[in-house]
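# Summary of structural features
Here is what each chain is made of, one letter per residue.
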Amino acid sequence: MLVVLPPDAADAWLARRQGNAAQAAPAIVVLPPDGAIDTWTWIRRGWDDAATRDDLAAVAARWRPPACSLARLEGVFGVAEVAQLSLGLRERLVAAVAMLRASDDRAALAETAHRLAGICGILGFDDAGRCWRALAETRDLPLPDVHRATRLAIAAIDRHYAGG
């Protein structure tokens with residue numbers, strides 16, 4: 001599910017949604033085609049992405065859910081063990097999304113980034129792992145990419161435990 005709303009009609013919806021910042025459906029604000037879009041500003045305001053109507057299809061494609069390997073890992077290591085790791089990762093990822101939105105200080109994110117890169121990689125969330133590893137190694141990576149990969153990993157965990 002993808003939620004796409006214009007900013008003038010969506011502020012009330014966004015305020016209600018912020019009670020649970022880790023909702024599985026990404027919220028993308030649709031802006032008029034005139035002027036440049038600073039995606040990071042919109043993410044820091046609580047949105048997951050921003051696009052014009054003309055770019056909406058491309059932006060929505062970026063939010064395509066990644067493959068999830070949790071079922072395969074459960075078969076190898078056991079359901080309880082994988083659940084403990086993946087649900088713990090989910091909590092850390094939710095906290096990381098809050099950290100990203102609160103500050104774009106890459107140095108402050110470095111220690112968290114190193115830990116998240118490792119556990120994301122172990123559990124098969126490769127995009128999120130690569131993004132957090134890049135932050136840990138202080139490589140220049142757009143923060144919206146880190147945010148998106150993190151939110152997609154959260155959504156994959158949620159879908160897995162919802163049976164979807």
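## Considering the nonpolar core
Ranked by size, the top nonpolar core spans 31 residues in total, and within it L89, L93, F125, W132 and V146 carry the most contacts. Elements supplying a minimum of two residues to this core: α2 (39-44), α4 (70-77), α5 (79-102), α6 (106-122), α7 (126-136) and α8 (143-161). The greatest single-element share of this core, amounting to seven residues, is contributed by α8. When residues no more than four places from it in sequence are discounted, the contact partners of L89 are L116, I119, C120, L123, F125 and I157. Grouped together as the second largest cluster of nonpolar side chains are six residues, A27, W42, W47 and A50 included.

## Overview of the pattern of salt bridges
The tally for this structure, following the rule as stated, stands at seven salt bridges. Linking D158 and R90 is a salt bridge whose minimum nitrogen-to-oxygen distance equals 2.5 Å. Of the two residues, D158 sits in helix α8 while R90 sits in helix α5, which places them 68 residues apart along the sequence. D145 serves as the salt-bridge partner of R148, at 2.6 Å between the closest nitrogen and oxygen. Here D145 and R148 lie together in helix α8, a separation of three residues that amounts to about one turn. Relative accessible area serves as the criterion here: at 11%, R148 is assigned to the buried category. Among the residues examined, D145 registers a relative accessible area of 27% and is labelled partly exposed. Three or more residues are tied together by salt bridges with common partners; here these are D49, R62, D145 and R148.

What counts, and at which threshold
- Residues numbered from 1 in each chain as written.
- Predicted model: local features only at pLDDT ≥ 70, side-chain atom pairs only at ≥ 80, totals over all residues.
- Heavy atoms only, no water.
- Core = buried A, V, L, I, M, F, W, Y, C linked by side-chain atoms within 4.5 Å.
- Buried < 20%, exposed > 50% of the residue type's maximum accessible area, 1.4 Å probe, protein only.
- Helix = DSSP H or I, 4+ residues; strand = E, 2+ residues; numbered from the N terminus.
- Contact = heavy atoms within 4.5 Å.
- Salt bridge = Lys/Arg side-chain N within 4 Å of Asp/Glu carboxyl O.

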